[in-house]
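Analysis of the macromolecular model
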Amino acid sequence: MAEEYTSDLGSVQYSTMAEQSVLGAVLLESSMLDEVLDFIKNPDYFFIGVHKLIYKEMLLMMNSGVPIDPVTLIDRLEGNPEFEGSGGKTYIINIADSCPSYSNAGQYARIVAEKYKLRQLVAASRAIIDDASEGAEDVSLILDAAEQRLFDIRSDESSKGLERINSVILQT
């Protein structure tokens, strides 16, 4: 189920349930992070601030070889004001407990990635409208900038995010 956040700039697409389910799946089975990384390249794919924080910490833990589970994650995030303000350790436990199925992590991640792309498209569209409304530049430059913005969103689909070093070594 998609949710919308309405601001003075309009509505923004996101799914709290999908974001929580991605994080919960990784907390329940840390190997799911490999599959999630195919879709969610960086923490900015998450809309909710504390989810960005949690995912960022999970990536740091993965890259440092630290096991990811509720206990180790809570230990690393305790004392962070944003983490504590969102419910702290209770929030992490609830995310893990409410994950429908860690085996569907890829599908949850796909939903988060699609909502991210929609938000990127809305932001690019607004910038294109602003550029066109101002009309200060040559029309061909405005068109080039519009095409580039849309291309950047599309090209993000094919770029790879972080990968485990052992999988990179095996490919070479």
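Our structure's up above, just so we're on the same page.
Note that the coordinates shown come from a computational prediction; the quantities given were computed from them, not determined experimentally. (Residues numbered from 1 in each chain as written. Predicted model: local features only at pLDDT ≥ 70, side-chain atom pairs only at ≥ 80, totals over all residues. Heavy atoms only, no water.)

**Some points on the packing of helix α1 (residues 16-28) against helix α7 (residues 105-134)**
Where α1 contacts α7, the two axes come as close as 8 Å, and the packing angle between them is 140°. Taken as a pair, α1 and α7 cross one another with a handedness that is left-handed. Residues Ala18, Glu19, Ser21, Val22 and Ala25 of α1 form the contact with α7, whose own contacting residues are Ala105, Tyr108, Ala109, Ile111 and Val112. (Axes fitted to C-alpha atoms, helices over the stretch in contact; angles between N-to-C directions. Helix = DSSP H or I, 4+ residues; strand = E, 2+ residues; numbered from the N terminus. Left-handed = near helix turned anticlockwise from the far one by under 90°. Contact = heavy atoms within 4.5 Å.)

**Let's talk about the packing of aromatic side chains**
Applying the stated criterion across every chain yields a total of three aromatic pairs. Measuring from centroid to centroid gives 4.4 Å for Tyr14 and Phe47, while their planes differ by 25°, and the two rings are stacked. In this pair, Tyr14 is assigned in strand β2 (residues 10-14) and Phe47 in the loop between α2 (32-36) and α3 (49-64), connecting sequence segments 33 residues apart. By relative accessible area, Tyr14 is classed as buried at 13%. (Phe/Tyr/Trp six-rings, centres within 6.5 Å; stacked < 30°, edge-to-face > 60°. Buried < 20%, exposed > 50% of the residue type's maximum accessible area, 1.4 Å probe, protein only.)

**As for a nonpolar patch on the surface**
A cluster of nonpolar side chains, contributed by Leu118, Leu121 and Leu150, occupies part of the molecular surface with about 230 Å² of accessible area. Positionally, Leu150 belongs in helix α8 (residues 139-158). (Patch = residues over 30% accessible without salt bridge, like charges linked within 9 Å, V, L, I, M, F, W, Y side chains within 5 Å. Areas by Shrake-Rupley, 256 points an atom, 1.4 Å probe, with all protein chains shown as cover. Salt bridge = Lys/Arg side-chain N within 4 Å of Asp/Glu carboxyl O.)

**Thoughts on the pattern of salt bridges**
Applying the stated criterion across every chain, the model contains three salt bridges. Across the pair Glu57 and Arg76 runs a salt bridge whose closest N-O atoms are separated by 2.6 Å. A residue pair is termed long-range when its members are at least 10 positions apart, and Glu57 in helix α3 and Arg76 in helix α4 (residues 70-77) qualify at 19 residues. Judged by relative accessible area, which is 13%, Glu57 ranks as buried. Note on Arg76: relative accessible area 34%, which makes it partly exposed. Between Asp131 and Arg149 there is a salt bridge; the shortest N-O distance is 2.8 Å. In this pair, Asp131 is assigned in helix α7 and Arg149 in helix α8, connecting sequence segments 18 residues apart. With relative accessibility at 18%, the residue Asp131 sits in the buried group. Relative accessible area serves as the criterion here: at 27%, Arg149 is assigned to the partly exposed category.

**Some details on the packing of α3 against α4**
Contact geometry for α3 and α4: axes closest at 11 Å, N-to-C directions at 110°. The angle between the axes of α3 and α4 places the two elements in the roughly perpendicular class. Contact residues: α3 offers Leu53, Ile54, Glu57, Met58, Leu60 and Met61, while α4 offers Thr72, Leu73, Arg76 and Leu77. Residue composition of the contact of α3 with α4, by class: seven nonpolar, one polar and two charged. (Parallel < 35°, antiparallel > 145°, perpendicular 65-115°, else oblique. Nonpolar A, V, L, I, M, F, W, Y, C, P; charged D, E, K, R; others polar.)

**Considering the environment of Ser103**
On the secondary structure map, Ser103 appears in the loop between α6 (88-98) and α7. Residue class for Ser103 comes out partly exposed when judged on its relative accessible area of 48%. With 74 residues separating them along the chain, Ser103 and Glu29 place their C-alpha atoms 8.6 Å apart. Side-chain polar atoms of Ser103 contact the side chain of Ser101, separated by 2.8 Å. (Polar contact = N/O pair within 3.5 Å; in protein donor to acceptor, adjacent residues only side chain to side chain.)

**Examining the nonpolar core**
Within the largest apolar cluster, 38 residues are counted, with the highest numbers of intra-cluster contacts made by Leu33, Val36, Ile40, Ile54 and Tyr55. Mapped by element, the contributors of at least two residues to this core are α1, α2, α3, α4, α6 and α7. Per-element accounting of this core gives the leading share, eight residues, to α3. Not counting residues up to four positions away in its chain, the partners in contact with Tyr55 are Leu23, Leu33, Val36, Leu37, Ile40, Asn42, Pro43 and Phe46. (Core = buried A, V, L, I, M, F, W, Y, C linked by side-chain atoms within 4.5 Å.)

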